[in-house]
Amino acid sequence: MVTLTRVTVPGTVLQVQHTQVTATSSTSAMSASATVDVTPLNVAITPFATSSKIKIELAATGEISAVSAANNVMFWLKRTIGGTTTNLRAPADVASNALGIAPPSINLSSNIDSTLEAVSFVYFDAPSTTSEITYQLVVTNGSQDGAIWNINRTASATGGLNYERGISIICATEIAG
């Protein structure tokens with residue numbers, strides 16, 4: 001009988017999990033300073049070792065539905081392990097700051113119906129667990145009631161060359177510690 005053993009050289013990739021979203025959808029309407037889960041963009045991973053690091057990579061396309069909101073949006077992650085949720089974003093230093101990991105790029109701030117924005121970031125996490133972890137993308141709207149993040153599409157669902165569509169991806173890679 002042959003017994004296989006996992007070799008874990010620090011820095012070795014142990015596994016990759018991802019979610020690739022090709023469909024279009026929208027978040028629920030956000031009030032000013034509210035946060036909303038970008039529900040299709042989440043990924044679950046179960047680490048092999050407590051010493052592992054998790055590298056989360058995100059590339060998302062979409063458009064915010066309000067001109068003033070586009071300049072005040074931040075994206076970040078929620079990490080859930082066994083029912084306990086932790087916000088992964090910049091630490092609060094001033095109570096009124098919009099906290100996150102990254103804002104979207106704004107292609108044309110005065111246009112809210114036909115120009116995609118994009119957000120991308122890489123985040124390293126050290127969760128110290130071998131339980132399943134779910135990473136969920138979250139968006140915070142800093143300024144305008146009723147703003148909506150339109151996923152993989154422009155705010156206007158009109159067809160035509162001036163109304164782009166995209167694909168969004170979230171990826172979790174376990175790296176041996």
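Residues numbered from 1 in each chain as written. Predicted model: local features only at pLDDT ≥ 70, side-chain atom pairs only at ≥ 80, totals over all residues. Heavy atoms only, no water.

Enquirer: It is not clear to me how the pattern of salt bridges should be interpreted in this structure. Could you clarify?
Expert: Opposite charge on two side chains permits them to pair, given that their charged atoms come into close proximity. Under the counting rule described, the total for this entry stands at three salt bridges. E57 is the partner of K55 in a salt bridge, and the nearest nitrogen-oxygen pair spans 3.9 Å. Accessibility expressed as a relative area gives 30% for E57, which makes it partly exposed. (Salt bridge = Lys/Arg side-chain N within 4 Å of Asp/Glu carboxyl O. Buried < 20%, exposed > 50% of the residue type's maximum accessible area, 1.4 Å probe, protein only.)

Enquirer: Help me out: how do you make sense of the confidence of the model for the protein chain in this one?
Expert: For any part of a model where pLDDT is low, the fine detail of the predicted coordinates should not be relied upon. Across the protein chain, the average pLDDT comes to 86, with 86% of residues at or above 70. When pLDDT is averaged over each helix and strand of the protein chain, the minimum, 59, is found for helix α1 (residues 67-70) and the maximum, 98, for strand β10 (residues 168-175). (pLDDT = per-residue confidence, 0-100. Helix = DSSP H or I, 4+ residues; strand = E, 2+ residues; numbered from the N terminus.)

Enquirer: Looking at this structure, how should I read the side chain of E117?
Expert: With respect to the helices and strands, the residue E117 is situated in strand β7 (residues 117-125). One buried charged residue, E117, remains without a salt bridge, the closest side chain of opposite sign being R153 at 11 Å. (Lys, Arg positive; Asp, Glu negative; His and termini not counted.)

Enquirer: Is there a simple way to explain the pairing of β10 in this structure?
Expert: When a strand is regular, its side chains alternate between the sheet's two faces. Among the eight residues that make up β10, seven are buried, leaving the element largely enclosed by the rest of the structure. In terms of strand pairing, strand β1 (residues 13-21) meets β10 through eight bridges, oriented antiparallel. Bridge pairing links H18 to C171 in β10. Of the strand pairs in this sheet, strand β4 (residues 53-64) and β10 are connected by seven bridges, and their pairing is antiparallel. Across the sheet, the residue bridging to I54 is E174, located in β10. (Pairing = 2+ DSSP bridges.)

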